[in-house]
Amino acid sequence: MYKNQAAGEGAVRPALEAVHLTRRFGSFTAVDAISFSVLPGTIFGLLGPNGAGKSTTIKMLTTLLLPTAGTGRVNGFDIVRQSVDVRRVIGYVPQMVSADGNLTAFENLLIFAKLYGIPRAERRERIMEVLAFMGLSDMAGVLVRKFSGGMIRRLEIAQSILHLPPVLFLDEPTVGLDPVVRRSVWDHIFTLNTEFGVTILLTTHYMEEAEELCQQVAIMHQGRVVTLGAPADLKATAGVTTLDEAFAHFTGSSIQEGGTYRDAARARRTARRLG
Amino acid sequence: MTPHERAVPHAAWVRSHYLTGFVYQCLAIAEADVRKLRHDPTELVTRAVQPTLWLLVFGQVMGRLREVPTGSLSYRDFMAPGILAQSVLFISIFYGISIIWERDMGILQKFIASPAPRVALVLGKALAAGVRGLTQAVIIYFLALVIGINVRMGIMSILGVLLSTILGAAIFSTFSMIVACLVKTRERMMGIGQVLTMPLFFASNAIYPLALMPAWLQAIAKINPLSYQVDLLRALMIEGSQSAFGIGVDLTVQLAVLAALIGLAARLYPRIVA
């Protein structure tokens, strides 16, 4: 299916960039002039508590939300001026449960195959390929509302890679999943990255997730990126042994705090559906 | 090839088949809805109750009065297309709730993050509402045959009625999606839907002719797209009936309204996920 995205390119251009990216809602600044860049083939984590501005950042980079100021680039395309090109080269898994429970796994994929213009002759093969890759071959004809939480997440990832995007956005990919299932989702994300060189931006508020998966993380706090680097480097700079402590060091607060009523409600709703 | 084309081999295909691609995308959105109905068709049964009551109970009783000046048509013949238009309106005017539901689920976010043009997303949904409308047409035809309403049975007439039904459903479902993009929550959407349906229905020629209305209501009825929908359906569906406005006018008004609504809805669509 995928060709390795990272291989064979000469000059290294960032797969993903945010340049003073800002979003205000009225007088509230959800994302405050953040900048970062992600090299091709990297798993990059936006780390922070609910309400830190992670999801808003993802929404801007996936062209769902216009920035108030600043901009971003995905595979060289400007997220404001070339939004349609951006949409062609990204896959996106929202935080919520976004597979349709009233359709089968195959149908969920079929609709997206058509939306992305995958020619008829290749559709079935491609769908079976991504199902196999995510370990869901046996489930093709089953209604998604009968799926377990981990299976739904895997199906959603399958949906997001159907058109072989070089850049993937995963918003809280394992929120609400139990530890064993979480690990299986991690394995799939990791394989996508190592085998096919897919650049992945994920948001998380789980420290283990960031440590396990991400080569680079940006710690977000109250809409700003307070620090940025490899997890090991961040720990070394802070002079601590865990990423939790590093987070506390850089933000002056614990990751368990923060978030609004709406964030909390949404996180619980997702957890309930998956659980 | 640029890296992006190598990674996404179909970008070129999509560009060179823009129109076919667009049609596919519309149909894909509609198809999702049709497949859901196929998995769980209970909705179709519950949707049959209202038009049945209107035609069998209201129509029978009002028909006895013989007070409504329906020209050469019997009252039941006169109202049957009106009830079809009404039941399609009732389905469509709440259609926006489905996009709010999909937004809450996260499904809509993925549609909007796909390269499909917003117009295709909106038109696809409007078509899906049209398919639901068709099921109402089938019910009305069935009832009409049972109680002996003088329906035209020619293929062209029936085809015309079905296409008009899709058109009507598309208009009001798109209108509903516009409201959904503005109010954004299911509760408000339910409230607004309730407020809108009855005025739209009563300020139209669905169950009585315009001639019976006071001048101010006639004026409203004449800017109500539902009147043109009913007029078209009546002309196509009932033996011996004629269009009051002219079929050309009916079609032009409805297509123009639909085009304007689709344009507006496509502009507003991304708002619902913001």
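Just above sits the structure.
Residues numbered from 1 in each chain as written. Chains lettered and ligands numbered in written order. Predicted model: local features only at pLDDT ≥ 70, side-chain atom pairs only at ≥ 80, totals over all residues.

Student: Kindly report on the packing of helix H3 (residues 105-115) of chain A against helix H4 (residues 120-133) of chain A, identifying the contributing residues and their values.
Tutor: All names here are of chain A. Close contact between H3 and H4 brings their axes to 10 Å; oriented N to C, the two are set at 125°. Overall, the two elements H3 and H4 adopt an arrangement that is oblique. Where H3 crosses over H4, the handedness of that crossing is right-handed. Between H3 and H4, the contacting residues are Ala105, Phe106, Leu109, Leu110 and Ala113 on the first element and Arg123, Arg126, Ile127, Val130 and Leu131 on the second. The residue inventory of the contact of H3 with H4, partitioned by class, reads eight nonpolar, no polar and two charged. (Axes fitted to C-alpha atoms, helices over the stretch in contact; angles between N-to-C directions. Helix = DSSP H or I, 4+ residues; strand = E, 2+ residues; numbered from the N terminus. Parallel < 35°, antiparallel > 145°, perpendicular 65-115°, else oblique. Left-handed = near helix turned anticlockwise from the far one by under 90°. Contact = placed C-beta atoms within 7 Å. Nonpolar A, V, L, I, M, F, W, Y, C, P; charged D, E, K, R; others polar.)

Student: Which residues make up the interface of chain A and chain B, and what values go with them?
Tutor: Each side of the interface is counted separately: chain A has 34 residues, and chain B has 32 residues. For the side of chain A that touches chain B, the secondary structure elements donating two or more residues are helix H2 (83-89), strand S6 (90-93) and H3 of chain A. Partitioned by chemical class, the residues of the side of chain A that touches chain B number 19 nonpolar, eight polar and seven charged.

Student: I'd like to hear about the sheet that holds strand S4 (residues 69-74) of chain A, residue by residue, with values.
Tutor: Residue and element names in this part refer to chain A. Ordered by their spatial adjacency, four strands build an open sheet running S2-S1-S4-S5, and the pairing between neighbours is antiparallel. Lying at the two open borders of the sheet, with one neighbouring strand each, are strand S2 (28-38) and strand S5 (77-78). Bridge count between strand S1 (residues 16-25) and S4: five bridges; the pairing is antiparallel. Across the sheet, residue glutamate 17 finds its bridge partner in S4, namely arginine 73. (Pairing = 2+ DSSP bridges.)

Student: Provide a residue-level description of the sheet that holds strand S3 (residues 43-47) of chain A, including the pertinent values.
Tutor: All names here are of chain A. Across the sheet, which stays open at both edges, the six strands sit in the order S6-S7-S8-S3-S9-S10 with mixed pairing between neighbours. Taken across any chain shown, the strands that pair with only one partner, and hence form the sheet edges, are S6 and strand S10 (224-229). Across the sheet, the axes of successive neighbouring strands diverge by a mean angle of 15°, strand direction being ignored. Pairing analysis gives four bridges linking S6 to strand S7 (residues 167-171), with the strands arranged parallel. Among the inter-strand pairings, isoleucine 90 is bridged to a residue of S7, identified as valine 167. Across the sheet, helix H1 (residues 54-61) is in contact with S3, S7, strand S8 (199-204) and strand S9 (216-221); its angle to S7 comes to roughly 150°.

Student: So, the packing of helix H9 (residues 155-183) of chain B against helix H10 (residues 186-202) of chain B: which residues are in play, and what are the values?
Tutor: Residue and element names in this part refer to chain B. Running from N to C, H9 and H10 point in directions that differ by 140°, and their axes come no closer than 9 Å. Relative to H10, the element H9 is oriented oblique. Seen from above, H9 lies across H10 with right-handed handedness. Judged by residue contacts, Ser176, Val179, Ala180 and Val183 of H9 engage Arg188, Met189, Ile192 and Gly193 from H10. Among the residues making up the contact of H9 with H10, the classes are represented as five nonpolar, two polar and one charged.

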